[in-house]
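Residue strings, one per chain:
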Number of protein chains: 2
Amino acid sequence: MQFTAPPVILASASVVGKKEGEGPLRDRFDSVSQDTYFGTKSWEQAESAMLRQCFDLVCQKAGLQPEQLDYVLSGDLLNQCVGSAYAMRDIGVPYLGLYGACSTMAESLSLAAMLIDGGYAEHAAALTSSHFCSAERQYRFPLEYGGVRTPTAQWTVTGSGALILGAAGNGPRVTMVTTGKIADAGITDANNMGAAMAPAAYETLKAHFADTGRTPDYYDLIVTGDLGKIGHVVVTRLFQDDGIDLEGLYTDCGLLIYDLEGQDVHAGGSGCGCSASVLAGHLLKLLEGGQIRRLLFAATGALMSPTASMQGESIPGICHAVAIETQVNT
Amino acid sequence: MQFTAPPVILASASVVGKKEGEGPLRDRFDSVSQDTYFGTKSWEQAESAMLRQCFDLVCQKAGLQPEQLDYVLSGDLLNQCVGSAYAMRDIGVPYLGLYGACSTMAESLSLAAMLIDGGYAEHAAALTSSHFCSAERQYRFPLEYGGVRTPTAQWTVTGSGALILGAAGNGPRVTMVTTGKIADAGITDANNMGAAMAPAAYETLKAHFADTGRTPDYYDLIVTGDLGKIGHVVVTRLFQDDGIDLEGLYTDCGLLIYDLEGQDVHAGGSGCGCSASVLAGHLLKLLEGGQIRRLLFAATGALMSPTASMQGESIPGICHAVAIETQVNT
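Residues numbered from 1 in each chain as written. Chains lettered and ligands numbered in written order. Predicted model: local features only at pLDDT ≥ 70, side-chain atom pairs only at ≥ 80, totals over all residues. Heavy atoms only, no water.

Q: Sorry, what's going on with the overall build of chain A here?
A: Helix and strand content of chain A: nine helices and 13 strands. Rg of the C-alpha trace for chain A: 18 Å, near the compact-globule value of 20 Å for 330 residues, within the 12% margin. By principal-axis analysis of the C-alpha atoms, chain A measures approximately 55 × 50 × 35 Å. Across the 330 residues that make up chain A, the buried fraction comes to 65%. Long-range contacts, defined as pairs at least 24 residues apart, comprise 77% of the intrachain contacts of chain A with a sequence gap of at least 6. Accessible area for chain A stands at about 11000 Å²; split by element, carbon and sulfur atoms hold 47% of it. (Helix = DSSP H or I, 4+ residues; strand = E, 2+ residues; numbered from the N terminus. Rg over C-alpha atoms; globule rule 2.2 N^0.38 Å. Buried < 20%, exposed > 50% of the residue type's maximum accessible area, 1.4 Å probe, protein only. Contact = heavy atoms within 4.5 Å. Areas by Shrake-Rupley, 256 points an atom, 1.4 Å probe, with all protein chains shown as cover.)

Q: Would you mind showing me how to read the interface of chain B and chain A here?
A: Accessible area lost upon the coming together of the parts is a frequently used measure of interface size. Chain B puts 52 residues into the contact, and the matching count from chain A is 52 residues. Taking both sides of the interface into account, the surface hidden between chain B and chain A amounts to around 4400 Å²; carbon and sulfur atoms contribute 57%. Looking only at chain B, the three residues that lose the most surface to chain A are Q80(B), R89(B) and Y120(B), adding up to 18% of its buried area. Counting across the interface, chain B meets chain A through 34 residue pairs in polar contact (both at pLDDT 80 or more). Sort the elements by how many residues they give to the side of chain B that touches chain A and helix α3 (residues 104-117) of chain B lands first, with five residues. For the side of chain B that touches chain A, the class distribution of residues is 29 nonpolar, 15 polar and eight charged. (Buried area = accessible area lost by both parts, 1.4 Å probe. Polar contact = N/O pair within 3.5 Å; in protein donor to acceptor, adjacent residues only side chain to side chain. Nonpolar A, V, L, I, M, F, W, Y, C, P; charged D, E, K, R; others polar.)

Q: So what exactly am I meant to see when it comes to the relation of the copies chain B and chain A here?
A: The pair of chain copies shares a relation made of a rotation about an axis and a shift along it. It takes a turn of 180 degrees to lay chain B on chain A, together with a shift of 0.0 Å along the axis; the resulting RMSD is 0.0 Å. Here the copies are linked by what is in effect a two-fold axis. Residue by residue, 100% of the interface of chain B is reproduced at the interface of chain A, so both copies engage with the same surface. (Least-squares fit on C-alpha atoms with pLDDT ≥ 70 in both.)

Q: Sorry, what's going on with empty space enclosed by the protein here?
A: Any empty space left between atoms is shown by rolling a water-sized probe over those atoms. Residues and elements named next belong to chain B. Inspection of every chain in the model, using the stated rule, returns three cavities of 30 Å³ or more. Taken as a whole, the largest cavity holds about 220 Å³ of empty space. C102, R140, T156, M193 and S270 are the residues nearest the centre of the largest cavity, which is lined by 19 residues in total. Of all the secondary structure elements, the ones that give two or more residues to the lining of the largest cavity are α4 (132-139) and α5 (193-212). Residue composition of the lining of the largest cavity, by class: 10 nonpolar, seven polar and two charged. (1 Å grid on protein atoms, 1.4 Å probe; cavity = no way out; pocket = protein on both sides within 12 Å on 5 of 7 lines; lining within 4 Å. Points joined across faces, edges and corners; volume = space filled by probe spheres on them.)

Q: Where do I start with the packing of helix α5 (residues 193-212) of chain A against helix α6 (residues 228-241) of chain A in this structure?
A: Between two packed helices, the angle of one axis relative to the other and the distance separating the axes together describe the packing. Residues and elements named next belong to chain A. Two elements in contact, α5 and α6, have axes whose closest approach is 8 Å; the angle formed by their N-to-C orientations is 40 degrees. Relative to α6, α5 is oriented oblique. Handedness of the α5/α6 crossing: right-handed. Contact residues: α5 offers G194, A195, A198, A201, Y202, L205, K206 and F209, while α6 offers I230, G231, V234, V235, L238 and F239. Per-class residue counts for the contact of α5 with α6 are 11 nonpolar, two polar and one charged. (Axes fitted to C-alpha atoms, helices over the stretch in contact; angles between N-to-C directions. Parallel < 35°, antiparallel > 145°, perpendicular 65-115°, else oblique. Left-handed = near helix turned anticlockwise from the far one by under 90°.)

Q: Looking at this structure, how should I read the state of the cysteines?
A: When the sulfur atoms of two cysteines share a covalent bond, that bond is a disulfide. Applying the stated rule across the entire model yields zero disulfides over all chains. Among the cysteines around C319(B), which has no disulfide bond, C253(B) carries the closest sulfur, lying 11 Å off. (Disulfide = S-S within 2.5 Å.)

Q: What is the right way to read the environment of L221(A) from this model?
A: All names here are of chain A. With respect to the helices and strands, the residue L221 is situated in strand β9 (residues 221-224). Along the primary structure L221 and F297 are separated by 76 residues, whereas in three dimensions their C-alpha atoms are 8.4 Å apart. Once residues within four sequence positions are removed from consideration, L221 is found in contact with L249, T251, L283, L286, I292, R294, L295 and L296.

Q: Looking at this model, I keep getting lost on the pairing of strand β12 (residues 294-302) of chain A. Mind explaining?
A: Note on strand geometry: in a regular strand, side chains alternate between the two faces of the sheet. Residue and element names in this part refer to chain A. Here β12 lies mainly inside the structure; eight of its nine residues are buried. In the sheet, β12 pairs with strand β13 (residues 317-325) via nine bridges, with the strands oriented antiparallel. Within the sheet, the bridge partner assigned to A298 lies in β13 and is A321. (Pairing = 2+ DSSP bridges.)

Q: Could you clarify how one ought to interpret the pairing of strand β9 (residues 221-224) of chain B in this entry?
A: Residue and element names in this part refer to chain B. Alternating residues of β9 divide into L221 and V223 and I222 and T224, and every residue in both groups is buried. Summarising the sheet, β9 and strand β12 (residues 294-302) pair through four bridges and their orientation is parallel. Of the residues in β12, the one forming a bridge with L221 is L295. Here β9 runs beside strand β10 (residues 250-252); their pairing, made up of three bridges, is parallel. By the bridge assignment, T224 is partnered in β10 with D252. For the crossover that starts at β9, traverses helix α6 (residues 228-241) and ends in the parallel β10, the hand is right-handed. (Right-handed = clockwise from strand over helix to strand, strands pointing away.)

Q: Whenever I open this one, the nonpolar core confuses me. Can you help?
A: Nonpolar side chains tend toward joint burial in soluble globular proteins. The biggest cluster of nonpolar side chains holds 130 residues, and the ones touching the most others in it are V72(A) and V72(B). Beyond its immediate sequence surroundings of up to four residues, V72(A) is in contact with F55(A), M88(A), I91(A), V93(A), P94(A), Y95(A), L96(A), A125(A) and L127(A). In this structure, Y120(A), A124(A), L284(A) and I116(B) belong to the second largest nonpolar core, which totals 106 residues. (Core = buried A, V, L, I, M, F, W, Y, C linked by side-chain atoms within 4.5 Å.)

Q: What is the right way to look at the pattern of salt bridges in this model?
A: Should the charged atoms of two oppositely charged side chains come close, the side chains can pair. Residue and element names in this part refer to chain B. Taken as a whole and assessed by the stated rule, the structure comprises 22 salt bridges over all chains. Residues K61 and D30 are paired through a salt bridge, measuring 2.8 Å at the closest nitrogen-oxygen approach. Here the residue K61 occupies a position in helix α1 (residues 43-62), and D30 occupies one in the loop between β1 (8-16) and β2 (31-32), the gap between them amounting to 31 residues. Relative accessible area serves as the criterion here: at 42%, K61 is assigned to the partly exposed category. Judged by relative accessible area, D30 falls into the partly exposed class, the value being 31%. Between E136 and R140 there is a salt bridge whose closest N-O contact spans 2.9 Å. For E136, a relative accessible area of 7% puts it in the buried group. The partly exposed category is assigned to R140, whose relative accessible area is 28%. (Salt bridge = Lys/Arg side-chain N within 4 Å of Asp/Glu carboxyl O.)

Q: Sorry, what's going on with the side chain of Q138(A) here?
A: With respect to the element layout, Q138(A) can be found in helix α4 (residues 132-139). Q138(A) has contacts with L77(A), L78(A), N79(A), P306(A) and Q80(B), leaving out every residue within four places of it along the chain.

Q: Even after reading the chapter, I still don't get α4(A), so can you show me in this structure?
A: Owing to its 3.6 residues per turn, the α-helix brings residues three or four apart onto one side. Residues and elements named next belong to chain A. In terms of burial, α4 is largely enclosed, as seven of its eight residues are buried. What α4 keeps buried is the set F132, C133, S134, A135, E136, Q138 and Y139. Where α4 is buried, its residues contact α1 (43-62), β5 (123-130), β6 (155-156) and α9 (306-310).

Q: For this particular structure, what's the right way to read the confidence of the model for chain A?
A: Reading predicted coordinates in detail is not appropriate for stretches of low pLDDT. With 99% of its residues at a pLDDT of 70 or more, chain A has an overall mean of 97. Across the assembled chains, the prediction reports ipTM 0.97 with pTM 0.97. (pLDDT = per-residue confidence, 0-100.)

Q: Would you explain α6(A) in this entry?
A: Residues and elements named next belong to chain A. Over its 14 residues, α6 runs 20 Å from end to end, which matches the ideal 20 Å to within 8%, given 1.5 Å per residue. All of the buried residues along α6 are G228, G231, H232, V235, T236 and F239. Seen end-on, α6 carries its buried residues on one side only, within an arc spanning 135 degrees. Pointing more than 90 degrees away from the buried face of α6 are the exposed residues R237 and D241. Taken together, the buried residues of α6 touch α5, β10 (250-252) and α7 (253-256). G243 occupies a position one or two residues after α6 and carries a positive phi of about 80 degrees. (Expected span 1.5 Å × (residues − 1). Arc of directions from axis to C-beta.)

In structure tokens:
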């Protein structure tokens, strides 16, 4: 999908947890909380409080009151997406709930851009979050159990990212969107999400290049969502097999957010908040600062549930790609 | 949102379970399964199988192969929306996962209409499902527990509905959409969803009338999603307090699908599949048959989770309204 009037990213905000604030991107986030509970009494409420803080911040940065937004698009990993619903319940803005697992930042951004370019909105917010503690409790074990992680496991990012898009103004622009198809390579190991999501990332990136006629080197940077160390290698190799070298062009939010050696995160970061906080905190600043001009942001998601995994189902993956550029003829 | 080129509902399909096939709408659904497992080995897989059957049917009715669709928009009540993800994992169509709880049919229909009217799609499918047994296990108790239901409780519909929208063709048209805001009236009783969702329905309907300048009697029928007996009374009274009489104009899918006296369903039907199967099976046939010409379809959702309820949180509700009409000047 190519936009005739590419929507502008007017503002972005990122709020993360303590561990993320100790990683390589520590100086890029707007706010780092030392309190894992974010002032609340449960992990689920903490996630909502973090997302709400992030939303308030992005509105403030854009100079908009929430009620000036035409739509809010949000979702998260929690059962029934309560992270988003409770964070947004009193803002008084038309709300579209999404479920794209860890691909949510790209899904919400894609739809927000389409709603604006289509003339349905003047301003729309796209946001998402994840929290290590609420995700562990829900997907794996209560923290108190002290489960040992496998080497392929990733660390769910405690973080949130929010963007406000507008029909006019200054800022990087969303120029193209490639909505992904579900890809299921038959992987059943819920501790190896990178491998499960890599085929979806490969398919969506390949489709993006085929549809647009662009080659990977059109972009200054191609960034997948949260494939981590293993998924990043898989995607690199799949393109290598096609004779395409992504070396130096391609990285992953799950690799950027932590020091993989020093922070004991095994295969890297994951969760909706991983790609959301890295996009809002780091990548958009690279665009705004002129270090890069053309970014292909491809957040990835694993669409299984613990129940499905217990029933022996394999893990369907999805990936949506969004091209964000600073030098656009409009 | 008023569409300049109102998208056409080219085809619809509904697949339901045994109990729904014994209710007042028994002759309206495309398929009634006597097998609650739909040929699978778990309730979750049953829900996916039912939704997939419904999707295959709607493609067949529209005379389209799945790959001719530009987008599929789907979601459900199961954790991580696995009902939809597993049903759609091999169709090879760009997939947008939604979470709107029981409002999903209206959310997917709204977004599909915007994607088409905005020029992003030629054909898009909007679908959703719910299954009594998967919902009971996840939201309340395993069936084997034999829990006694409160009088205000509703019965989750085993059913699915799917629509295919197109930019051109014959059929009822989606003329307007009102995307709802989250409304939380502070109700904490998860066995009284009708009361929890009624304020959202009232707010969205009121906003629709205010935004469009239409009065309720513009419509031949106004139908909320799954408020059941209690929520229907609440909405009727809230409008009465405003001096607006909805008598004879307004009903609810949760009241239409079951015989409330004879089928032991207490306050009526609920679940994503309630409004989806009633819209696809019954309401669109009223439009196509000329019994009604102007329908306002307002599916309602409760955005809580069992975890949030256990933490004492109140239940946020949401409602999206979609105007569907047969006599439209285009």
